[in-house]
Every structure is written in structure tokens, then in C-alpha cells.
Amino acid sequence: MQKRQLGTSEIYITPIIMGSWQAGKSMWVGIEDAETVKAMQSAFEAGITTFDTAEDYGEGHSEQIIGQALSDVRSQVIYASKVFANHLKYDLVIEACDRSLKNLNTDYIDLYQIHWPCGSWNTEIVPITETMSALNKLKEQGKIRAIGVSNFCRAQIVEAAQYGRIDSLQPPYSLFWRWVEKDAMSYCIENNISILAYSSLAQGILTGKFGPKHKFDEGEFRAKNKLLQPQNYARVQVALDRLRPIADRQQTSLGNLALAWLIAQPQSNAIVGARHGEQARENAQAAEIKLSAEDLKEIDAIGRIVTDHLD
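A brief structural summary. Keep in mind that this is a model prediction, so the values were computed, not measured.

The helix and strand inventory of the protein stands at 11 helices and 10 strands. Overall, the protein is about 50 × 40 × 40 Å in size when its C-alpha atoms are taken along their principal axes. Within the span of the protein, comprising 311 residues, buried residues form 55% of the whole. In the protein, 75% of the contacts between residues at least 6 apart in sequence involve partners at least 24 apart. Approximately 14,000 Å² of the protein is accessible, and the part contributed by carbon and sulfur atoms is 48%. Placing the 32 positive and 38 negative side-chain charges of the protein at their respective mean positions leaves the two points 4 Å apart.

Below is the structure:
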């Protein structure tokens with residue numbers, strides 16, 4: 001899989017990134033550690049070398065699973081983790097990073113990201129200069145190699161960038177959720193900031209595996225996804241039906257078509273999770289799909305059947 005430079009750093013990432021929110025098991029149903037480990041190892045064998053996690057995913061459990069699965073190939077993979085919004089004071093950032101290093105069983109984290117802006121989830125307001133000062137210190141110490149932000153709007157990225165180099169933005173972004181295009185994407189393009197899109201399959205909706213009357217299990221966070229609201233979900237089904245002939249033409253799945261579209265967007269890379277090895281191997285194949293300008297235009301128009309009606 002051809003790699004891409006992360007921002008202006010010396011790090012090179014794969015356009016398909018394995019996400020590991022599900023590995024933390026919190027808010028997910030039916031996740032087994034052994035299967036997750038196999039999925040991560042299968043992803044690596046299929047060419048995915050970039051793995052995204054966070055201290056908040058199962059209170060470090062996701063990081064521990066990555067450390068368990070990939071320690072033998074540590075020098076060949078890129079670890080991206082995140083510090084949560086309640087740990088943005090200087091000393092707390094340092095402590096959080098040290099915990100993540102221990103969880104990941106490594107002495108450096110390639111990309112360390114602010115998970116949410118301060119104040120999110122009713123957390124304390126901390127000046128961004130204080131948080132960035134801690135991140136810069138960690139970078140000087142070699143504990144992290146690059147700094148990123150997640151869930152930041154354009155104005156927040158601009159502010160953070162006054163105090164240190166920002167090499168990535170991690171926003172929710174998919175064919176069915178495109179707010180970043182209206183807000184931060186132009187700034188990322190102008191300043192060579194990589195976009196690491198999460199919910200790249202709209203929490204699985206873009207796979208087409210959920211029919212018109214599908215109901216998620218009790219306890220599944222996805223049950224609250226606004227795309228599942230009746231009017232929106234009807235448009236989702238129309239769009240999926242129109243995407244299917246294009247996927248057939250490309251001899252691929254709906255999900256991989258959506259991923260191929262996403263990684264063809266400016267600066268954009270796709271974070272996607274997997275419950276088992278087969279799913280991880282299939283995700284990796286999305287990087288091999290070549291979409292023409294006409295294909296991209298057609299897919300874009302179909303996606304707007306959904307996104308034009310979202311706030």
C-alpha cells in the first residue's frame with residue numbers, strides 16, 4: 001500500500017488506517033480481545049501500517065490491545081493515540097502520555113493528538129498554549145514524533161497552530177457526513193495538515209449491511225446516529241441503491257467504494273475499524289481502487305442526496 005506523508009513530519013502513513021475504538025469495548029457489543037488482536041495482525045499483513053487509538057477507548061484497554069498485537073512489528077508500524085479533554089493541563093498531558101506509552105508497550109508515540117477541545121464533555125477550560133507547551137515538551141523529549149488535533153474546528157486549529165506545528169486533524173468525515181469540507185479542509189490544504197477521517201463508513205451505514213428496518217442492539221451507541229432518523233435514513237437507502245451499480249462496476253463492496261472515494265479527497269485518509277481478520281483484509285483493498293474523475297463526480301452527487309439535508 002502506497003504511503004503518504006503525515007503533514008510536514010517525517011512520518012509516513014497508509015491511506016487506510018485501522019481504528020481501534022471498538023477494541024476498547026466500551027459502548028460496543030460483542031467485541032472479543034482475541035479476535036481484535038487477530039484483526040490488527042491481519043490488517044498489518046494486508047499492508048495497513050497505521051493504527052489509531054486513544055486513552056479514552058476503554059480507559060486504555062484499546063491501547064493495551066494494540067501493544068499486545070503489534071509489539072513484534074513496532075518498528076514497522078505507526079501508532080497514533082490521543083489525550084482526552086480532561087487531561088489538557090500541562091502536568092496531566094505529560095502523565096497521560098506516559099500512561100499511553102506503558103499501555104502501548106513502546107517508548108514513543110508517532111502521532112499524539114488532542115482528542116477534543118478543552119471544555120468538551122463539561123471539562124475544564126485550559127488555555128491551548130498550556131496544552132501545546134506540554135506537547136512540544138514531549139516532542140522535544142522524543143516521546144512523541146508529531147502533534148495532531150481531533151474534533152477541532154478551523155478557528156481552533158488556527159489558534160493551536162500559533163504555539164506549535166499541527167500535522168493532522170481528525171474529524172468525522174464520510175460520504176454521508178461532510179461538514180469538514182465547509183469548515184477546516186481548505187485550511188488543512190493550505191497548511192499541509194493531513195486529514196485522518198473517523199466514522200469513514202458513517203459508523204457502518206455506508207457498507208449497506210443495514211436494511212431499511214434495521215435496529216441496533218440495546219447499548220449500541222450507533223442507535224443515536226442522526227443518519228438513522230426516519231427521514232434521513234430513507235435518503236440513505238436511496239443513496240445506497242444508487243451507489244450499488246458503481247460498486248458492481250468497480251467489482252468492490254459498497255464500503256470499499258466509500259473508502260476509495262474518501263481517500264481520493266484532498267489531504268484525506270480513512271480510519272476504519274474491524275472486528276475480525278477478514279474485515280481488516282477487505283478494508284485494506286480499498287486503497288487499490290482507482291476511481292476516475294467521472295466516478296468521483298457521480299459518487300459525490302449521490303452522497304449529497306443525504307448530506308444536503310443535514311445541518
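After that view of the structure, there is still more to cover.
The next point concerns the packing of helix H2 (residues 61-70) against helix H3 (residues 90-104). Packing of H2 against H3 brings their axes to within 7 Å, and their N-to-C directions diverge by 40°. By the angle between their directions, the pair H2 and H3 is classed as oblique. The residues of H3 that touch H2, namely those facing Glu-63, Gln-64, Ile-66 and Gly-67, are Ser-100, Asn-103 and Leu-104. Here the residues of the contact of H2 with H3 are counted per class, giving 2 nonpolar, 4 polar and 1 charged.

Over its 14 residues, helix H4 (residues 128-141) extends 20 Å from the first C-alpha to the last, a length consistent with the 20 Å expected when each residue adds 1.5 Å. Listed in full, the buried residues belonging to H4 are Ile-128, Thr-131, Met-132, Ala-134, Leu-135 and Leu-138. Along the long axis of H4, the arc covered by the buried residues comes to 155°, so they all point the same way. If you follow the buried residues of H4, they end up packed against H3, strand S6 (109-114), strand S7 (144-150) and helix H5 (154-160). Looking one or two residues beyond H4, the residue adopting positive phi is Gly-142, at roughly 85°.

Two strands in a sheet stick together by hydrogen bonds in their backbones, pointing the same way (parallel) or opposite ways (antiparallel). What the 8 strands build is a closed barrel, ordered S3-S4-S5-S6-S7-S8-S9-S10; its pairing is parallel. With strand direction ignored, the average angle separating the axes of adjacent strands in the sheet is 30°. Pairing between S7 and strand S8 (residues 168-170): 3 bridges, direction parallel. Within S8, the residue paired with Val-149 across the bridge is Leu-169. Where H2 meets the sheet, it contacts strand S4 (50-52) and strand S5 (78-83), and its direction lies at approximately 170° from that of S5.

The rules we used
- Residues numbered from 1 in each chain as written.
- Predicted model: local features only at pLDDT ≥ 70, side-chain atom pairs only at ≥ 80, totals over all residues.
- Heavy atoms only, no water.
- Helix = DSSP H or I, 4+ residues; strand = E, 2+ residues; numbered from the N terminus.
- Buried < 20%, exposed > 50% of the residue type's maximum accessible area, 1.4 Å probe, protein only.
- Contact = heavy atoms within 4.5 Å.
- Areas by Shrake-Rupley, 256 points an atom, 1.4 Å probe, with all protein chains shown as cover.
- Lys, Arg positive; Asp, Glu negative; His and termini not counted.
- Charge placed at Lys NZ, Arg CZ, Asp CG, Glu CD.
- Axes fitted to C-alpha atoms, helices over the stretch in contact; angles between N-to-C directions.
- Parallel < 35°, antiparallel > 145°, perpendicular 65-115°, else oblique.
- Nonpolar A, V, L, I, M, F, W, Y, C, P; charged D, E, K, R; others polar.
- Expected span 1.5 Å × (residues − 1).
- Arc of directions from axis to C-beta.
- Pairing = 2+ DSSP bridges.

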